Amino acid sequence: MNPITRESLIERDRQDPLAARRDLFQLPAGEIYLDGNSLGALVKSVSARMTHAIEHEWGRGLIRSWNDADWYPAPLRVGATIARLVGAKAHEVVVCDSTSVNLFKVLGAALRLRPGRRVIIGELGNFPTDMYVAASVAELMGAELRCVAPEDVEQAIAQAGDQLAVVTLTEVNFKTGRLYDMARITAAAQRVGGLVAWDLAHSAGTLPVQLNACGVDFAVGCGYKYLNGGPGAPAFVFVAERHLADLRQPIAGWHGHARPFEFTHEYEAHPGIDRMLVGTASQLGLIALEEALTAFDGVDLQQLRAKGMALGDLFIALVDQQLGDYGFGLASPREGAQRGSQVALTHENGYAIMQAVIARGVVGDFRAPNILRFGFAALYVRYVDIWDAVAVLQDVMHTRSWDRPEFTARKAVT
């Protein structure tokens with residue numbers, strides 16, 4: 001195979017059908033941003049939209065804006081926009097709360113839908129908050145949480161049998177980028193009468209998620225990674241239409257009431273996805289997320305997926321070509337179809353190396369104990385960025401510039 005060249009990647013960017021999307025984002029000059037799987041980049045139009053919301057809708061409209069500026073229906077409206085990205089119907093998704101809170105709601109609801117079943121299956125190595133939430137739900141509701149390795153999930157489902165209430169997994173692993181077969185796992189759980197709740201934090205906005213095509217029961221997801229909604233953006237929750245009528249989620253709040261402005265003391269759940277709401281929505285967060293989602297208008301999700309895989313494949317090939325002598329390992333699947341839009345390398349000095357790379361303008365992140373994580377948001381990452389990022393990584397290793405006190409001292413956020 002001929003070596004990859006920078007010039008060939010510049011030409012590849014010229015031919016990229018998604019290339020023009022990059023202009024929608026505000027990206028710092030001189031930086032290569034490969035951390036969109038942790039915090040998405042700013043969509044330029046969000047700034048003007050937020051200024052209008054603050055100065056006009058809040059500043060002048062005040063309380064009237066709940067009606068006049070359509071604040072009140074925003075959770076459903078933004079949910080309907082996200083529904084297209086995750087293969088759901090518009091009335092099956094609502095934006096609210098955080099991913100952790102929404103996971104608590106769907107796991108509690110799943111146990112109530114499966115009375116007498118007491119097993120929750122989770123994944124060893126999943127994002128910790130998912131397991132903290134699952135353990136809390138299990139304790140509160142008298143269930144048993146069984147955490148197993150990814151390769152043992154289907155066996156655990158079979159062993160649980162008629163005791164299985166719900167399986168909770170993240171479609172794309174936050175560390176390794178490994179991609180589960182959503183359809184296969186969902187079908188396995190449902191064959192024994194269980195339910196499945198998927199976390200889409202690292203897949204929504206970068207993969208063509210197919211919730212309804214896979215027969216999924218529940219899903220939750222993050223608004224501030226690949227959806228670019230800003231730090232702490234509201235999350236979203238999906239409930240399959242077939243479950244809505246019987247669903248009882250464990251945090252009953254007034255916005256989930258069938259008639260919230262009658263202010264009755266007796267709770268009556270809204271008949272639709274609104275029942276997943278709890279309290280007053282963060283309007284500024286919703287407005288920012290809604291505007292950010294315009295970057296996906298007209299985007300072919302299959303093209304997005306193809307580019308995300310290609311960027312990851314290119315990164316791995318260049319690491320093989322340029323960094324073979326520096327002690328890096330590959331924590332992600334080598335096959336693009338088995339990964340989300342990220343690649344994780346391992347190194348015993350991973351934290352310091354990542355800090356040195358960031359200081360040189362290539363922004364990724366570190367995950368303990370030894371993972372250097374690089375995310376490839378295909379709407380704004382170019383092929384030539386991958387070349388330049390690996391070149392910086394190679395220079396940091398060649399010069400040992402990572403071996404300095406300012407890079408080895410741990411920061412609060414890694």
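Predicted, not measured: the structure shown is a model, and the values here were computed from it.

Asks: So what's going on with helix 12 (residues 350–359)? Residues and values would help.
Replies: With eight of its ten residues buried, helix 12 lies for the most part within the structure. Restricting attention to buried positions, one finds in helix 12 the residues Gly350, Tyr351, Ala352, Ile353, Met354, Gln355, Ala356 and Val357. Backbone geometry just after helix 12 places Gly361 at a positive phi near 95°.

Asks: I'd like to hear about unusual backbone geometry, residue by residue, with values.
Replies: Residue Pro369 follows Ala368 across a cis peptide bond; omega there is 5°. Look at Asp70: it is not a glycine, yet its phi comes out positive at around 60°. Tracing the backbone through its elements, the reader meets Asp70 in the loop between helix 3 (65–68) and helix 4 (74–86). You can call Asp70 partly exposed: its relative accessible area is 42%. The phi torsion at Arg400 lies on the positive side, around 55°, for a residue other than glycine. Among the secondary structure elements, Arg400 is positioned in the loop between helix 13 (383–399) and helix 14 (405–408). Residue class for Arg400 comes out partly exposed when judged on its relative accessible area of 47%.

Asks: I'd like to hear about the environment of Ala83, residue by residue, with values.
Replies: Looking at where Ala83 falls in the secondary structure, it is placed in helix 4. Linking Ala83 and Ile10, residues 73 residues apart in sequence, is a C-alpha distance of 34 Å. Apart from the residues within four sequence positions on either side, Ala83 is in contact with Ala88, Lys89, Ala90 and Val93.

Asks: Give a description of helix 2 (residues 45–58) that names residues and reports values.
Replies: Here helix 2 is 14 residues long and its end C-alpha atoms lie 19 Å apart, about the 20 Å a rise of 1.5 Å per residue gives. Of the residues making up helix 2, those classed as buried are Val46, Met50, Ala53 and Glu57.

Asks: Summarise the packing of aromatic side chains; cite the residues concerned and give the values.
Replies: In total, this model carries twelve aromatic pairs according to the counting rule given. Here the aromatic rings of Trp66 and Trp71 are separated by 5.3 Å at their centres, their planes lie at 90°, and the arrangement is edge-to-face. Overall, the relative accessible area of 23% leaves Trp66 in the partly exposed class. Given a relative accessible area of 9%, Trp71 falls into the buried group. Measuring from centroid to centroid gives 5.9 Å for Tyr180 and Trp198, while their planes differ by 65°, and the two rings are edge-to-face.

Asks: How would you explain the pattern of salt bridges if you had to name every residue and give the values?
Replies: As enumerated under the stated definition, the model contains 21 salt bridges in all. Residues Glu290 and Arg77 are paired through a salt bridge, measuring 2.7 Å at the closest nitrogen-oxygen approach. One end of the pair, Glu290, is in helix 10 (residues 283–292); the other, Arg77, is in helix 4, and 213 residues separate them in sequence. On the accessibility criterion, Arg77 (31% relative accessible area) is partly exposed. Salt bridges linked by common partners bring Arg22, Arg382 and Asp385 together as one network.

Asks: Now, about the sheet that holds strand 9 (residues 218–221): what can you tell me, with residues and values included?
Replies: Strand order in the open sheet made by the seven strands is 4-10-9-8-7-5-6, with mixed pairing throughout. Single-partner strands in this sheet number two, and they are strand 4 (93–95) and strand 6 (144–148). Geometrically, the sheet is characterised by an average inter-axis angle of 15° between neighbouring strands, direction not taken into account. Sheet analysis places strand 9 next to strand 10 (residues 236–239), joined by four bridges and oriented antiparallel. Looking at the pairing, Val220 lines up with Val237 of strand 10.

Asks: Provide a residue-level description of the pairing of strand 15 (residues 371–375), including the pertinent values.
Replies: Taking burial as the measure, the five residues of strand 15 include five buried ones, the bulk of the element. Alternating residues of strand 15 divide into Ile371, Arg373 and Gly375 and Leu372 and Phe374, and every residue in both groups is buried. Where strand 12 (residues 342–346) meets strand 15, five bridges bridge the pair, whose relative direction is antiparallel. Looking at the pairing, Gln342 lines up with Gly375 of strand 15. When strand 14 (residues 365–367) meets strand 15, the two strands line up antiparallel, connected through three bridges. Bridge pairing links Asp365 to Arg373 in strand 15.

Thresholds, definitions, all that
Each chain carries its own residue numbering, running from 1 in the direction its sequence is written. The predicted nature of this model means local features are confined to residues of pLDDT at least 70 and side-chain atom pairs, given and counted, to a pLDDT of 80 or more, with totals for whole chains, interfaces and linings taken over all residues. Side-chain metrics in this entry use all non-hydrogen atoms of the structure; hydrogen atoms and water are not considered. Three labels apply to residues, based on accessible area from a 1.4 Å probe with only protein chains included: buried if under 20% of the type maximum, exposed if over 50%, partly exposed otherwise in between. Strands here mean DSSP runs of E at least two residues long; helices mean DSSP runs of H or I at least four residues long; both are numbered from the N terminus. Contacts are assigned to residue pairs with any non-hydrogen atoms lying within 4.5 Å of each other. Between the first and last residue of a helix there are one fewer steps than residues, each counted as 1.5 Å, and that sum is the expected span. Aromatic pairs are defined between Phe, Tyr and Trp rings, using the six-membered ring for Trp, whenever the two ring centres lie within 6.5 Å; interplanar angles under 30 degrees are classed as stacked, those over 60 as edge-to-face, and all others as tilted. Basic side-chain nitrogens of Lys or Arg form a salt bridge, by our definition, when they fall within 4 Å of a carboxyl oxygen of Asp or Glu. DSSP-based pairing: two strands are paired if at least 2 bridges between them are found. Interaxial angles span 0 to 180 degrees and are taken between N-to-C directions of axes, which are lines fitted to C-alpha atoms, for helices over the stretch in contact.

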